[in-house]
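# Structural overview for review
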Amino acid sequence: MAGVSGSEHKEPINEQEVAAKYGSIRAEMNQIYSKITELEMEVSEHSLVINAIQPLDPTRRCYRMIGGVLVERTIKEVLPAVQQNKEGIEVVIARLNEALERKKKELTDFETKYKIRIRKNDVESVDDNSKKEGSAQGVLVGPANA
């Protein structure tokens, strides 16, 4: 049984495996980033709804989408539910941020262990040349008397 647990944490032995593992860690980080961004957008939408209906009369009719079905309720029924949903999303965002920090640490540990460095100089020199050439884009200069 000890042999099984050792094979679960198999270390990459060649460059391709190291690169694949590094790429998968970065892909997981990107997924977490995109999910955090998506949930932050939902929190802002919930905030807009809360700010829009909070000053209104609590007995006023309100419609809410639940599982693809539009349901008629009152503001006093809907407002606490929307606030609770917003708080729940914020808790999930906090957990995702913690997971993201763990992934960042895992990535830096992996980079130091395998001495991985990203070549940024080659990419920056190409970008600098294109910026210099296209810096005057969008400016049209014609004859003054035209």
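Residues numbered from 1 in each chain as written. Predicted model: local features only at pLDDT ≥ 70, side-chain atom pairs only at ≥ 80, totals over all residues. Heavy atoms only, no water.

The following threshold applies: UniProt positions are given in the numbering used here, feature names are shortened, and annotations may be inferred rather than shown by experiment.
An unreviewed UniProt entry lists the protein chain under the name Prefoldin subunit 2, with Ambrosia artemisiifolia as the source organism. According to UniProt, the comment filed for the protein chain under the heading Sequence similarities (unreviewed entry) is "Belongs to the prefoldin subunit beta family."

### Re the packing of helix 2 (residues 15-53) against helix 3 (residues 75-113)
Formally: For helices, the fitted axis covers only the stretch in contact; all axes are lines through C-alpha atoms, and the angles between them, taken along N-to-C directions, range from 0 to 180 degrees. We count a stretch as a helix when DSSP gives it H or I for four or more residues in a row; a strand needs E for two or more, and each element gets its number in order from the N terminus. If an angle is under 35 degrees, it is roughly parallel; if it is over 145, roughly antiparallel; if it lies from 65 to 115, roughly perpendicular; otherwise it is oblique. By definition, any crossing whose near helix is turned counterclockwise from its far helix by less than a right angle is left-handed, and any crossing with a clockwise turn is right-handed. In this classification, Asp, Glu, Lys and Arg are treated as charged, Ala, Val, Leu, Ile, Met, Phe, Trp, Tyr, Cys and Pro as nonpolar, and every other residue, Gly included, as polar.
Between helix 2 and helix 3, the least distance of the axes is 9 Å, while the angle of their chain directions is 160°. The pairing of helix 2 with helix 3 is recorded here as roughly antiparallel in orientation. Classified by chirality, the crossing of helix 3 by helix 2 is left-handed. A per-class count over the contact of helix 2 with helix 3 returns 24 nonpolar, five polar and 12 charged.

### Some thoughts on unusual backbone geometry
We note that Lys115 has phi near 55°; this positive angle belongs to a residue other than glycine. Looking at the element boundaries, Lys115 is found in the loop between helix 3 and helix 4 (121-133).

### Looking at helix 2
We count it as follows: A helix is expected to span 1.5 Å multiplied by its residue count minus one. Exposure categories follow from relative accessible area, calculated using a 1.4 Å probe and restricted to protein chains: below 20% of the type maximum is buried, above 50% is exposed, and the middle band is partly exposed. Should any heavy atoms of two residues lie within 4.5 Å, those residues are considered in contact.
An ideal rise of 1.5 Å per residue puts 57 Å on 39 residues; helix 2 measures up with 57 Å between its terminal C-alpha atoms. When helix 2 is considered as a whole, its buried residues turn out to be Val18, Tyr22, Ile25, Met29, Ile32, Ile36, Leu39, Val43, His46, Ser47, Ile50 and Ile53. Looking at the buried residues of helix 2, the elements they touch are helix 3.

### Describing the pairing of strand 2 (residues 69-74)
Under the convention used in this document: By definition, two strands form a pair when at least two bridges between them are found by DSSP.
For strand 1 (residues 61-66) and strand 2, the ladder comprises six bridges, and the chain directions are antiparallel. When the bridges of strand 2 are listed, Tyr63 appears paired with Glu72. Connecting strand 1 to the antiparallel partner strand 2 that follows it, the hairpin turn spans two residues, and Gly67 within it adopts a positive phi of roughly 60°.

### Some points on the nonpolar core
Going by this rule: To qualify as a nonpolar core, a set must consist of buried Ala, Val, Leu, Ile, Met, Phe, Trp, Tyr and Cys residues joined through side-chain atoms within 4.5 Å.
Within the largest apolar cluster, 15 residues are counted, with the highest numbers of intra-cluster contacts made by Ile32, Ile36 and Ile93. Listed by contribution, the elements that provide at least two residues to this core are helix 2 and helix 3. Take this core: its biggest share by element is eight residues, from helix 2. Among residues more than four places away in sequence, those in contact with Ile36 are Ile93, Leu96, Asn97 and Leu100. In terms of nonpolar packing, the next biggest core, distinct from the first, is built from seven residues, Ile53, Ile75, Leu79 and Val82 among them.

### Quick notes on the pattern of salt bridges
Which entries qualify depends on this criterion: Here, a salt bridge means any side-chain nitrogen of Lys or Arg that lies within 4 Å of a carboxyl oxygen of Asp or Glu.
Evaluation of the coordinates by the stated rule reveals six salt bridges. We note a salt bridge from Lys35 to Glu38, for which the minimum N-O separation is 3.5 Å. Of this pair, Lys35 and Glu38 both sit in helix 2, three residues apart, which is roughly one turn of that helix. Lys104 serves as the salt-bridge partner of Glu101, at 3.6 Å between the closest nitrogen and oxygen. With Glu101 and Lys104 both in helix 3 and three residues apart, the pair spans about one turn of that helix. Classification of Lys104 as partly exposed rests on a relative accessible area of 30%. Beyond isolated ion pairs, a larger network of salt bridges with shared partners links Glu28, Lys103 and Glu106.

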